[in-house]
Amino acid sequence: MKSQRLLGILTSFAFIFGSFPSPAMAWWDAGHMQIAYVAYKKLNASVKDKVDILLRLNPDYGKWTAGVTDPKTAKLYAFVHAATWADDIKTKEYNYTRDKADSPPASQNIGYADKNQHPYWHFKDINWSPDMTPLPPPDPVDLVTQLNVMIAALPAGSGAPDDVRSYDLVWILHLVGDAHQPLHGSGRYTRQIPDGDAGGNAEQVIPATGETVALHAYWDAVFGGYSSAYGAVFDADSKEGIASLSVNDVAAKIADPQRWIEESAELAKQYAYAPPVSLGKNAVYLTREYETNAHNIARSQAALAAARLANLINNALR
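Parameters and conventions
- Residues numbered from 1 in each chain as written.
- Predicted model: local features only at pLDDT ≥ 70, side-chain atom pairs only at ≥ 80, totals over all residues.
- Heavy atoms only, no water.
- Salt bridge = Lys/Arg side-chain N within 4 Å of Asp/Glu carboxyl O.
- Helix = DSSP H or I, 4+ residues; strand = E, 2+ residues; numbered from the N terminus.
- Buried < 20%, exposed > 50% of the residue type's maximum accessible area, 1.4 Å probe, protein only.
- Phe/Tyr/Trp six-rings, centres within 6.5 Å; stacked < 30°, edge-to-face > 60°.

Asks: Help me out: how do you make sense of the pattern of salt bridges in this one?
Replies: Enumeration according to the criterion identifies 10 salt bridges in this entry. Between Asp142 and Lys124 there is a salt bridge, and its shortest N-O distance comes to 3.0 Å. Residue Asp142 is found in the loop between strand E1 (126-128) and helix H7 (143-153), and its partner Lys124 is found in the loop between helix H6 (85-88) and E1; the two are separated by 18 residues along the sequence. Taking relative accessible area as the criterion, Asp142 reaches 4% and is therefore assigned buried. Of the residues examined, Lys124 reaches a relative accessible area of 17% and is grouped as buried. Among the ionic pairs, Arg191 bridges to Asp131, the shortest N-O distance being 3.9 Å.

Asks: Explain the packing of aromatic side chains here, please?
Replies: Each aromatic ring pair is summarised here by two numbers: the centre-to-centre distance and the angle between the ring planes. What the rule picks out here adds up to 14 aromatic pairs. When the centroid spacing of 6.4 Å and the interplanar angle of 55° are considered together, the rings of Tyr167 and Trp171 count as tilted. Of the two residues, Tyr167 and Trp171 both sit in helix H8 (residues 162-179), 4 residues apart, roughly one turn of that helix. Owing to a relative accessible area of 0%, Tyr167 belongs among the buried residues under this scheme. Aromatic side chains Trp219 and Tyr290 sit 6.5 Å apart centroid to centroid with 85° between the ring planes, which places their arrangement in the edge-to-face category.

Rendered as structure tokens:
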């Protein structure tokens, strides 16, 4: 089966980092910003200049660089902050509309004139069931379909206006990170949850910290929540930060977002839904083994996302 072949590949890729160091406190702001920072370090100098020109078209550029007097640092901080913009527009401050995957503007790519949140761009659920629960058809628009549109528009020769290319860049910075969070690639259907778990949002877990949280939120928060650009840089560059992890060149060069999602879905089956996670909505206490594996997979996926993001941008803007 295709999934079995893929799992064999993932078994090699999941441990390409050798021995995992102990976990640091990402896929909320802190994680996306760390991934962006590590990717930025891998960009060609000329590409960094092109990236900054595009980011200056974002209405939040002044906010991202406020108080930074060094131009080089300002460019870095803008790039790091930009990775959270696709989540920022979900807040009331922005007054963007929460639309749906089957709405008319779902697949549009019109730049900053677009005032829709597009929450369905953040994931592609590969639906599955461990007990033969019926599965719904996939969404018509998702992370993969939209990310492919944006990647195609990013090069200067694409014919897309700079406003659209800037908008696409900030979304790409975010979506590449999302694609590597295992639960952004999986939708599980069980007899206890026949309408699907929305990528782990229906299941409840209790980690060692003692609070009860959704399984998806547990994975999103592995690297922490809110972070400043300075904090993200500091954490990524720390002794045990994701910048210290080596990534296999073959894995890093995989450029197909569908492949990224397939990898994430298999990691979700193997690790995110592993025991003691329930088939239902009842809260379960996570074991030390589960939490250790979750932190290790999150770190390896974040480092891999950074490498792939850098390759994507270098290739598009060379």
